[in-house]
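# Chain and residue survey
Each chain, written out:
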Amino acid sequence: MTRFLRFLRSGAYLTFTALCSVYFLAALAGGGPLPGALAVAAGAFAGYAVSGFLPGHRALVSFAALAALAAGAVLLLPYGGWNVGMAVLSAACLLTGARHDWNNPEVEPIDVRLLSAGLTASLTTYLLAVLNGMDAVKAPIGYTTYAYLSVSILLVNRKSVRVNGGGQARRMMRGNQILSWAFVAAMTGVVFFGRLQSAVAGGLKWLVAAFFGLFSQAGGQGEQMPSQGPAGEMDWSALGGQDNSWPPWVQAVTTALLYAVAAVVLLALAAFVAWSLWQAVKSLRAWLQEWLKRFEPGGAEEYAEESEQMLSAQSMGRQMLDEWKKRVRGALKRPVRWSALTPRERVRRVYAQLLRREAHAAPGCACLTPAQLCARLGKAQEFAALYGRARYSDEEIDAGEAEKYREYLKE
């Protein structure tokens, strides 16, 4: 996915995360939620634009955008004193987007911390709306929370497959997404069962009315289509029957179809729950087998072979002294001149400098591969490949190739 599409998806999801809070604040102020939603969206997209397209000037641009957004929200939004709350919410979205690390795979395609914050905000605002008797805002918050949870389930599933699938992630993605969509569909059927029942019943009534209308038109003179009764129901007296809202057989067919739809939805949900339980049982069984192996005789012997004695105080002191001497010598030792190094040594010095510089900001960067480190620092992937040749192969390195990346030392 290109960076621009990631920018659009991330900004929309962050706006979605804060939408329930916008509903609640707008209801407190007695206004519509649209201006507040636009302010939050502006903050979210501005933050991701800063972190994704202007990383070199992130602090300065973020401060300027934050000041402009806060001033605009306080002065232009129609919520009176609650404009300050909307300004704080928009500023929080801007800062969240501005601090996004585009090279961190742990936040792609969804940041679990953002998901937790969104669900917490949604549930909190709904509870506050119930406690304060704000009936008008309960439905928008509830529907938004449901949609937010559905989208999050699909994104979390993609993240799980990417992290745990390894080389099989692409092959596993489609099946897992189908299961996630099935779960969302089953959840939709359970949550909106009443509304779906009413919609299906209305559709069936329309079809039956249209069916009898064909016979009514074909009957000739003096016959008209069934008219609406005083209660808004169909009058079937024109067909020669009793003046009845619905014939008994139509009611029986409608009821049977509604129960069939409900049974299919519940069976799909039960099947998904059973499959999930089966997968959990299999995982538990594998874990128990691995745990029981530790009690076998061979396992105890292997554990005994790996045991080590603790260092004495004297040995630890000597080791610390040797480490300190090594660091002092390294600090006082004059580095070899660039012109005296071979092309292979020049490439390795540049990489060591990049690694040493990043270690101050992220101590765990030593575990990254050359490609991951270069992606994190925004360096060319060609340099990562060149370092791999210099470090792990016997291929000759041209002096021009090493000289091309000397500028990395001066940053």
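Attention here is on the structure that accompanies the text. (Residues numbered from 1 in each chain as written. Predicted model: local features only at pLDDT ≥ 70, side-chain atom pairs only at ≥ 80, totals over all residues. Heavy atoms only, no water.)

### Side note on the layout of surface pockets
Condition: As defined here, a cavity is a set of points on a 1 Å grid over the protein atoms alone where a 1.4 Å probe fits but cannot get out. A pocket is an open set with protein on both sides within 12 Å along at least five of seven lines, and residues line them when an atom is within 4 Å of a point. Grid points are joined across faces, edges and corners, and a volume is the space filled by probe spheres set on the points. Secondary structure is summarised from DSSP: a helix means a run of H or I of at least four residues, a strand means a run of E of at least two, and numbering begins at the N terminus for each. Residue classes follow a fixed rule: Ala, Val, Leu, Ile, Met, Phe, Trp, Tyr, Cys and Pro count as nonpolar, while Asp, Glu, Lys and Arg count as charged, and any other residue, Gly among them, counts as polar.
Estimated volume of the largest pocket: approximately 440 Å³. Surrounding the largest pocket, 19 residues form its lining, Thr 96, His 100, Val 107, Asp 111 and Arg 113 being those nearest its centre. Looking at the lining of the largest pocket, the elements with two or more residues in it are helix 1 (3-29) and helix 5 (112-131). In terms of residue count, helix 1 provides more of the lining of the largest pocket than any other element does, 4 residues in total. Considered class by class, the residues forming the lining of the largest pocket number 7 nonpolar, 4 polar and 8 charged.

### Overview of the packing of aromatic side chains
Under the convention used in this document: In summary, the pairing rule links any two rings of Phe, Tyr or Trp, Trp by its six-membered ring, whose centres are within 6.5 Å, and it sorts them by plane angle into stacked for under 30 degrees, edge-to-face for over 60 and tilted for everything else. Accessibility here uses a 1.4 Å probe with only protein chains present; expressed as a share of the type maximum, an area under 20% marks a residue as buried, one over 50% as exposed, and anything in between as partly exposed.
Evaluated as defined, the whole model comprises 10 aromatic pairs. A centroid spacing of 6.0 Å and a plane angle of 35 degrees characterise the contact between Phe 4 and Phe 7, whose relative ring orientation is tilted. Pair noted here: Phe 4 and Phe 7 are both in helix 1, with a separation of 3 residues, about one helical turn. With relative accessibility at 10%, the residue Phe 7 sits in the buried group. A centroid spacing of 3.9 Å and a plane angle of 15 degrees characterise the contact between Tyr 351 and Tyr 387, whose relative ring orientation is stacked. Here Tyr 387 lies in helix 14 (residues 381-392) and Tyr 351 lies in helix 12 (residues 343-359), a separation of 36 residues in the sequence. Taking relative accessible area as the criterion, Tyr 351 reaches 6% and is therefore assigned buried.

### Considerations on helix 13 (residues 370-377)
Threshold: Directions from the helix axis toward the C-beta atoms define the arc. By definition, residues are in contact when any of their heavy atoms lie within 4.5 Å.
Those residues of helix 13 not exposed but buried are Pro 370, Leu 373 and Cys 374. Taken end-on, helix 13 shows its buried residues confined to a sector of 95 degrees, consistent with a single buried face. Tucked inside the fold, the buried residues of helix 13 contact helix 12 and helix 14. Backbone geometry just downstream of helix 13 places Gly 378 in the positive-phi region, at approximately 75 degrees.

### Section: the side chain of Thr 144
Within the element layout of this structure, Thr 144 appears in helix 6 (residues 135-165). Ignoring sequence-local partners within four residues, the contact set of Thr 144 consists of Phe 16, Leu 19, Cys 20 and Tyr 23.

### Points about the side chain of Ser 150
Note that Ser 150 resides in helix 6. Among all residues touching Ser 150, those that are not within four sequence positions of it are Val 184 and Met 187.

### Section: the packing of helix 12 against helix 13
Inclusion rule: Axis lines are fitted through C-alpha atoms, for helices just across the contact stretch, and the angle between N-to-C directions can take any value from 0 to 180 degrees. In these notes the angle categories are as follows: under 35 degrees is roughly parallel, over 145 is roughly antiparallel, 65 to 115 is roughly perpendicular, and the rest is oblique. Each crossing gets its hand from how the near helix is turned against the far one by less than a right angle, where anticlockwise is left-handed and clockwise is right-handed.
Viewed as axis vectors pointing N to C, helix 12 and helix 13 meet at an angle of 60 degrees, and their least axial separation amounts to 11 Å. Relative to helix 13, helix 12 is oriented oblique. Where helix 12 crosses over helix 13, the handedness of that crossing is left-handed. Residue-level contacts link Tyr 351, Leu 354, Leu 355 and Glu 358 of helix 12 to Pro 370, Leu 373, Arg 376 and Leu 377 of helix 13. Here the residues of the contact of helix 12 with helix 13 are counted per class, giving 6 nonpolar, no polar and 2 charged.

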